[in-house]
Amino acid sequence: MGYLLRLVILLILGWLAYRLVRRLVADESPRPSGKQARIEIVPCAKCGVHIPREEALMHNGKAYCSAAHMEEDTK
Ligand SMILES: [Zn+2]
């Protein structure tokens, strides 16, 4: 009974470790060349707050954090 229990615990631990390693490998490897590396942070031309370029409002080659700041700066 004791031997069987230890065997089962060992198998469960091994399975958990295998799953953990697989998850870590799957999470880490695509990231450096993936989407996150391409995100460019730009400062708002009005208040200087840093925002991802894809969320920024672009006007005349300048980035703005909001429509209000874009309007204020282009008045
Ligand atoms: Zn701003």
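Structure first, text after, so check above.
Residues numbered from 1 in each chain as written. Predicted model: local features only at pLDDT ≥ 70, side-chain atom pairs only at ≥ 80, totals over all residues. Heavy atoms only, no water.

### Looking at the coordination of the zinc ion
Reference values for coordination geometry: four tetrahedral donors around a metal ideally subtend 109.5 degrees, six octahedral donors ideally subtend 90 or 180 degrees.
So, point 1. Protein-derived coordination of the zinc ion comes from Cys-44 (SG), Cys-47 (SG), Cys-65 (SG) and His-69 (ND1), at a distance range of 1.9 to 2.4 Å.
So, point 2. The sequence pattern describing where the donors of the zinc ion fall on their chain is C-x2-C-x17-C-x3-H. Of this pair, Cys-44 sits in the loop between strand 1 (41-43) and strand 2 (50-52) while His-69 sits in helix 3 (residues 67-74), and the two are 25 residues apart along the sequence. In terms of burial, Cys-44 and His-69 fall into one category: buried. (Donors = N, O, S within 2.8 Å, 3.2 Å for Na, K, Ca; no water. Helix = DSSP H or I, 4+ residues; strand = E, 2+ residues; numbered from the N terminus. Buried < 20%, exposed > 50% of the residue type's maximum accessible area, 1.4 Å probe, protein only.)

### Things to note about a nonpolar patch on the surface
So, point 1. Together, Leu-4, Leu-5, Val-8, Ile-9, Ile-12, Leu-13, Trp-15, Leu-16 and Tyr-18 make up an exposed nonpolar region whose accessible area comes to about 910 Å².
So, point 2. Looking at the secondary structure, you find Val-8 in helix 1 (residues 2-28).
So, point 3. Val-8 sits in the partly exposed class, given a relative accessible area of 38%. (Patch = residues over 30% accessible without salt bridge, like charges linked within 9 Å, V, L, I, M, F, W, Y side chains within 5 Å. Areas by Shrake-Rupley, 256 points an atom, 1.4 Å probe, with all protein chains shown as cover. Salt bridge = Lys/Arg side-chain N within 4 Å of Asp/Glu carboxyl O.)

### Digging into the pattern of salt bridges
So, point 1. If you walk through the whole model with that rule in mind, you get three salt bridges.
So, point 2. Residue Lys-46 pairs with Glu-72 through a salt bridge whose shortest N-O separation is 3.8 Å. Residue Lys-46 is found in the loop between strand 1 and strand 2, and its partner Glu-72 is found in helix 3; the two are separated by 26 residues along the sequence.
So, point 3. Residue Lys-46 is classed as partly exposed on the basis of its relative accessible area of 38%.
So, point 4. A salt bridge links Asp-73 to Lys-62; the shortest N-O distance between them is 3.8 Å. On the criterion of sequence distance, the pair formed by Asp-73 in helix 3 and Lys-62 in strand 4 (residues 62-64) is long-range, its members being eleven residues apart.
So, point 5. A relative accessible area of 29% places Asp-73 in the partly exposed class.
So, point 6. A relative accessible area of 42% means that Lys-62 is categorised as partly exposed.

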